[in-house]
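Each chain, letter by letter, is given below.
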Amino acid sequence: MTRLAGKHAFVTGGRQGIGRGIVVAFVSEGAAVTTCGRGPRPDDLPETVAWHTLDVTDAAAVAQVVQPMDILVNNAGVQVEKTVAESTDADWEAVIGPNCRGVFNMCRAFIPVMKRGSIINIGSISGQVADPSMALYNASKAFVHGLTRSIAVDHGPRIRCNAICPGWINTGMLEAGFDLAKDPGAARNDAIARHPVGRFGEPEDIAAMAIWLASDEAAFASGQLFTLDGGMTAASPLNPGLF
Amino acid sequence: MGTLEGKVALVTGGRGGIGRAICDRFLREGATVFAADLSAAGSLSSPDGESRFVQLDVTSEPSVQAAMAHVGDEAGQLDILVNAAGIEIEKTIEETSLEEWNHSFAVNVTGTFLTSKHSLPLMRKAASAGASASIINFGSYDGFIADPGLAAYCATKGAVHALTRAMACDHGPEGIRVNAICPGYVDTPMMQSFFSGDAVGGTGKSEETLRQAMRDVHPMRTYGTPDDIANLVNWLASDEARYASGQLWVIDGGLSAQVQQMRL
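Please read these numbers as outputs of a predicted model, since none were measured by experiment.

Conventions used here
- Residues numbered from 1 in each chain as written.
- Chains lettered and ligands numbered in written order.
- Predicted model: local features only at pLDDT ≥ 70, side-chain atom pairs only at ≥ 80, totals over all residues.
- Heavy atoms only, no water.
- Contact = heavy atoms within 4.5 Å.
- Buried area = accessible area lost by both parts, 1.4 Å probe.
- Salt bridge = Lys/Arg side-chain N within 4 Å of Asp/Glu carboxyl O.
- Helix = DSSP H or I, 4+ residues; strand = E, 2+ residues; numbered from the N terminus.
- Nonpolar A, V, L, I, M, F, W, Y, C, P; charged D, E, K, R; others polar.
- Patch = residues over 30% accessible without salt bridge, like charges linked within 9 Å, V, L, I, M, F, W, Y side chains within 5 Å.
- Areas by Shrake-Rupley, 256 points an atom, 1.4 Å probe, with all protein chains shown as cover.
- Buried < 20%, exposed > 50% of the residue type's maximum accessible area, 1.4 Å probe, protein only.
- Pairing = 2+ DSSP bridges.
- Right-handed = clockwise from strand over helix to strand, strands pointing away.
- Arc of directions from axis to C-beta.
- Core = buried A, V, L, I, M, F, W, Y, C linked by side-chain atoms within 4.5 Å.
- Axes fitted to C-alpha atoms, helices over the stretch in contact; angles between N-to-C directions.

A. Quick look at the interface of chain B and chain A. On the chain A side, the residues contacting the 35 residues of chain B number 38 residues. Taking both sides of the interface into account, the surface hidden between chain B and chain A amounts to around 3100 Å²; carbon and sulfur atoms contribute 64%. Scanning the region where chain B abuts chain A turns up 3 salt bridges. Breaking the side of chain B that touches chain A down by element, the ones donating at least two residues are helix 4 (151-171), helix 8 (226-237) and strand 9 (248-251) of chain B. Among the residues making up the side of chain B that touches chain A, the classes are represented as 15 nonpolar, 12 polar and 8 charged.

B. Geometry of a nonpolar patch on the surface. Among the surface-exposed residues, Ile93, Leu98 and Trp101 of chain B lie close enough to one another that they form a single nonpolar patch of about 340 Å² accessible area. Take Leu98 of chain B: it is sitting in helix 3 (residues 98-128).

C. Main features of the pairing of strand 8 (residues 176-183) of chain B. Residue and element names in this part refer to chain B. Counting buried positions along strand 8 yields 8 of 8 residues, so the element is predominantly enclosed. What you see with strand 8 is no split at all: Ile176, Val178, Ala180 and Cys182 on one side and Arg177, Asn179, Ile181 and Pro183 on the other are buried throughout. As paired elements, strand 7 (residues 133-138) and strand 8 share 6 bridges and run parallel to each other. Across the sheet, the residue bridging to Ala133 is Ile176, located in strand 8. For the crossover from strand 7 across helix 4 to strand 8, the handedness is right-handed. As judged from the 4 bridges shared by strand 8 and strand 9, these two strands associate in the parallel manner. Bridge pairing links Pro183 to Ile251 in strand 9.

D. Layout of unusual backbone geometry. Geometrically, the link from Gly156 of chain A to Pro157 of chain A is a cis peptide bond, its omega value of 0 degrees lying close to zero. Looking at the secondary structure, you find Pro157 of chain A in the loop between helix 4 (135-155) and strand 6 (159-166). The phi dihedral of Ser133 of chain A falls on the positive side, at around 55 degrees, and the residue is not glycine. Within the element layout of this structure, Ser133 of chain A appears in the loop between strand 5 (117-122) and helix 4. Classification of Ser133 of chain A as partly exposed rests on a relative accessible area of 31%. In the Ramachandran plot, Arg221 of chain B falls in the positive-phi region, its phi being about 55 degrees despite a non-glycine side chain. With respect to the helices and strands, the residue Arg221 of chain B is situated in the loop between helix 7 (207-216) and helix 8.

E. Up close: helix 7 of chain B. What helix 7 of chain B keeps buried is the set Leu210, Arg211, Met214 and Arg215 of chain B. Along the long axis of helix 7 of chain B, the arc covered by the buried residues comes to 140 degrees, so they all point the same way.

F. Representation of the nonpolar core within the structure. Ranked by internal contacts, the top residues of the largest apolar core, which has 69 residues, are Phe26 of chain A together with Phe26, Val82 and Trp235 of chain B. If sequence neighbours within four positions are ignored, Trp235 of chain B has contacts with Ala208, Met209, Trp212 and Leu228 of chain A together with Glu240, Ala241, Ala244 and Trp249 of chain B. Membership of the second largest hydrophobic core comes to 27 residues, among which are Phe34, Val54, Leu56 and Met167 of chain B.

G. Structural detail: the environment of Arg188 of chain A. Residues and elements named next belong to chain A. Summarising the element assignment, Arg188 is placed in helix 6 (residues 184-193). The exposure class assigned to Arg188 is partly exposed, which follows from its relative accessible area of 26%. Sequence separation between Arg188 and Phe200 is 12 residues, and the spatial gap between their C-alpha atoms is 9.6 Å. The residues contacting Arg188, other than those within four sequence positions of it, are Asn170, Glu175, Phe178 and Phe200.

H. Just the sheet that holds strand 1 (residues 8-12) of chain B, in detail. Residue and element names in this part refer to chain B. The 7 strands lie next to each other as 5-2-1-6-7-8-9, forming an open sheet whose pairing is parallel. In the strand order of this sheet, the two ends are held by strand 5 (52-55) and strand 9, each with one partner. Averaged over neighbouring strand pairs, the angle between their axes works out to 20 degrees when direction is ignored. Looking at chain direction, strand 2 (residues 32-37) and strand 5 are connected through 4 bridges and run parallel. Within the sheet, the bridge partner assigned to Phe34 lies in strand 5 and is Arg52. Against the sheet, helix 1 (residues 17-28) contacts strand 1, strand 2, strand 6 (80-83) and strand 7, and its axis sits at roughly 170 degrees relative to strand 1.

Set out below in structure tokens:
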């Protein structure tokens, strides 16, 4: 299908995980896609996709890659699994840098050159309800949610801006979360049982929503947080069925 | 190839403003569509096919059971249920009679309960075929924040939101996804009624003045069309939304992202 034919999209964090899923999905919908990451171009990136080696926390570097876009997806993000008391200044820079300053840098640079368009920020269910030992990450995603609403209000009707709030998606980040558990296998089974749809999400699930929000079908959607979590946060955390 | 090829859908309120747009969109996407409503006003045809009309009073359990039996006989399963039937009483609680209150809940809440309850056997058949079945309820942005003079309506939509989450938890393991669409202002007969209703009709301003004021308060500088809502309903009904469940999907042109209130 070609729901994004003729559109040009910039997706941050396209090396792996959700970002890569969105890059691949956008290409299959006919978009011209540019993506970026802090390292060199990944060998397995489709040839038609343009790559920038870019640290989104560096505003001057972001300014170097700005060009008119129809779609901007701020996906690049970092998590550190620590409480507030454990978090160091370096952890603050590692998380708040990309997740907050990076999203801000990208939006500030691209909004003036986007004639009309759709900005899609990757928020998180963790910005609405707290994951344990993820203090800075949780707070950084709440920042993304607030920034999303502000952009929609200030820059509509020229720009639509929405956030997708993924739940637990099968990526390296999810594995890192389970590595914290005493028994990662048991934790994984318990977590799946808390999902009404009976599984974790895949990057393709998030990409499907990103396509819709990027497309003209979503012309009336702006300023919202769209949660895709297989029903997990619709249920109370106290799930008596699991006792 | 449509996104709903081979799927069977029933849309309550299928002859109304938003329900009609949903039926037309589903037909275009290749679904078999049952348009359920109190009466079959207007044509059931669209350029992409014809909906099958089902006479349905969502407040009546026998009527709901008869409608589901009809769908079962004709199609054997139900992949998509859209609970779009709804009414709006434009009054404060002081002005609202008990009868009006009960009628609001009967249509908006009990109707959603009854059609969902009696759709489950047919939806399990659709889900067991490998794909997920999808129930899409109609909440409203009014279930989160209130408009003046819409007390019973706001309360019914809050109830639909909670019911949506509960149904998602209970029936997700059976392969049935449940979500609610929460529209903001959409150009329908219901919105027309709001303009002429007590809440704003007494201002003495022309309808066009009121419509422009309403456009201006949206970050997207427009209110929605039934097609805007049908676009999201179609996505939630499709297999692309296979990981979407238990959520309330606000689509309001940015209206409720801001603190600013309507100034009619």
